[in-house]
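A closer look at the structure
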Amino acid sequence: MAEKPQLHTDDERPATYREVFASTEIRALFGSFGLSKASSMLARVAVASLVWHATSSPLLSAAAFGISYLPYLGPAQLLATLADRLPYRSTMVFADLVRMVLIGLVAIPGMPLSVMLVLVFLSAMVEPAYQAARSALLPKLVAGEVLTLALSIYLTVNQTAQLTGYFLGGIIAGVNPRLALLINAAAFAVSAVALVLFVKPRPADSDRSRRKNLLRETGEGFTMVFGNQVLRIIALVVFTTVVFTIIPEGVAVPWTNELGGGPLLLALIMAAAPVAAITSTIVFTRILKPALRQKLIRPLVLLAPLSLVATLFDPSGPWIVVIAFVGNLSLASLTPLNATFVQAVPDGYRARTFSVMQSGMALLQGGAIIAAGALAQTSLTVSQSVGLWGLGGTVTVLILLWRWPSSRAFDDAVGRDPSETTVSTQSKVSPGNPETSSS
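1. So, a nonpolar patch on the surface
A cluster of nonpolar residues, Val 193, Val 196, Leu 197 and Phe 198, forms a patch on the protein surface that exposes about 380 Å² of accessible area. Along the polypeptide, Leu 197 turns up in helix H8 (residues 177-198). Given the relative accessible area of 59%, Leu 197 is considered exposed.

2. Section: the pattern of salt bridges
Here the structure, examined in full by the defined rule, presents three salt bridges. The residue Glu 220 makes a salt bridge to Arg 352 at a minimum N-O spacing of 3.2 Å. In this pair, Glu 220 sits in helix H9 (residues 214-226) while Arg 352 sits in helix H17 (residues 350-376), placing the two residues 132 residues apart along the sequence.

3. Notes on helix H2 (residues 24-55)
Every α-helical turn comprises 3.6 residues, leaving residues that sit three or four positions apart pointing alike. End to end, H2 covers 46 Å across 32 residues, agreeing with the expected 46 Å (1.5 Å per residue, within 8%). The buried fraction of H2 amounts to 24 of the 32 residues, a majority that puts the element mostly inside the structure. Sitting at the amino-terminal end of H2 is Ser 23, which places a side-chain oxygen 3.2 Å from the backbone nitrogen of Glu 25. At the exit of H2 stands Ser 56, carrying a positive phi of roughly 60°.

4. Points about the nonpolar core
Judged by nonpolar contacts, the single largest core of 71 residues is most densely connected at Val 20, Leu 138, Ile 234, Phe 341 and Trp 404. For this core, the element with the highest residue contribution is helix H10 (residues 229-245), accounting for nine residues. For Leu 138, the contacting residues outside a window of four places in its chain are Ile 26, Leu 29, Leu 147, Ala 150 and Leu 151. Core analysis: the second largest hydrophobic core is formed by 23 residues, Leu 42, Ala 43, Ala 64 and Phe 188 among them.

5. Quick look at the side chain of Glu 127
Structurally, Glu 127 can be placed in helix H6 (residues 113-141). At 4.3 Å, Arg 99 is the nearest oppositely charged side chain to Glu 127, a buried residue that forms no salt bridge. Filtering out sequence-adjacent residues up to four positions away, Glu 127 remains in contact with Lys 37 and Arg 99.

6. What to know about unusual backbone geometry
Although it is not a glycine, Asp 314 adopts a positive phi angle of roughly 50°. Following the sequence through the fold, Asp 314 ends up in the loop between helix H14 (290-309) and helix H15 (317-328).

Reading the values: rules and limits
- Residues numbered from 1 in each chain as written.
- Predicted model: local features only at pLDDT ≥ 70, side-chain atom pairs only at ≥ 80, totals over all residues.
- Heavy atoms only, no water.
- Patch = residues over 30% accessible without salt bridge, like charges linked within 9 Å, V, L, I, M, F, W, Y side chains within 5 Å.
- Areas by Shrake-Rupley, 256 points an atom, 1.4 Å probe, with all protein chains shown as cover.
- Salt bridge = Lys/Arg side-chain N within 4 Å of Asp/Glu carboxyl O.
- Helix = DSSP H or I, 4+ residues; strand = E, 2+ residues; numbered from the N terminus.
- Buried < 20%, exposed > 50% of the residue type's maximum accessible area, 1.4 Å probe, protein only.
- Expected span 1.5 Å × (residues − 1).
- Polar contact = N/O pair within 3.5 Å; in protein donor to acceptor, adjacent residues only side chain to side chain.
- Core = buried A, V, L, I, M, F, W, Y, C linked by side-chain atoms within 4.5 Å.
- Contact = heavy atoms within 4.5 Å.
- Lys, Arg positive; Asp, Glu negative; His and termini not counted.

Read these as spatial facts, not as claims about activity.
Pasting the structure below:
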């Protein structure tokens, strides 16, 4: 029988890193994730570089870089449903091994471009299942405040791995893109071995007797998220937060050109987001007491779009860096919201619901960047278009915060017995009554 997750019971102080990393499984899970994430970023740069050298086409090179987002248009949700039917560790190991083989094939000299892009797409197809399984496994290892801190560490590892992967990818791919791909394939192999050696096997959460067809079970993931008052508000707040925090880096290139800035300004705007996210998340979850943390969630959520309103006044380059940094401080609010989310979702549904969240974030971020870019194509300056985007976002977030559930609703959602929860009961929550329990 699997061990119960480690629980931090002192509500007067934050959990400690020692409590999180006391578990060998947690160390292996974070190590595997960091390695997979960094090497995936490295591979993106390497594939884009290979395509550029083969075609000299900016469009094809950009398409090769962005092809990893395509699974979120539908396949990701189906694969996450399969992940809920299988043991989570097995899903992650399988995903790592599949990516190892596919990326290794991409590295073969003379690989036709069309075949290369198909292999990259197939490799990207299994990543959402890996991410969903990892997210679903974490609350089985830790709970309470330890889970909250673990999720903040995950966000830090995620940001750090992205920076590391892009940096190393730019260096190694510039010299030998195929070497970068071979390193990526080897990293997936190491990740899979670490999971097999240090993470205990656990049976699948899904009840075979209650299984339906794949599409219907996939739909239940959406019903679970948007049919529950607490999960719905968390999803909408997370979506709006990432939509507005992505804008400065998404339009950084035209913004820098408009201001006459050079590579340094571009680098500072791009770096503001991960630096702010890492800094604020550590302070928020490691230093602030849990009670104060809960009170700061809503002001932080509002900070994301509100900070962009200042760009209506056409600020200079240094001020834009400050605005990008301040806005991304709001990402600290995602950690406690994520902790509530994972504890409110019953076993057997976590991979599907996490896939809904991941897909929504990926697609909305891309859509937000395109929309902000379209505004900048008008007679408005980039700063003014970003400011209008922030103004509309501020109004939207204020409406969401007005519908914020009561503390009792949050407590009931997390404290209920998951074995008594079904999708049908989740969908009966009245959105107009903030005191209604989700159980």
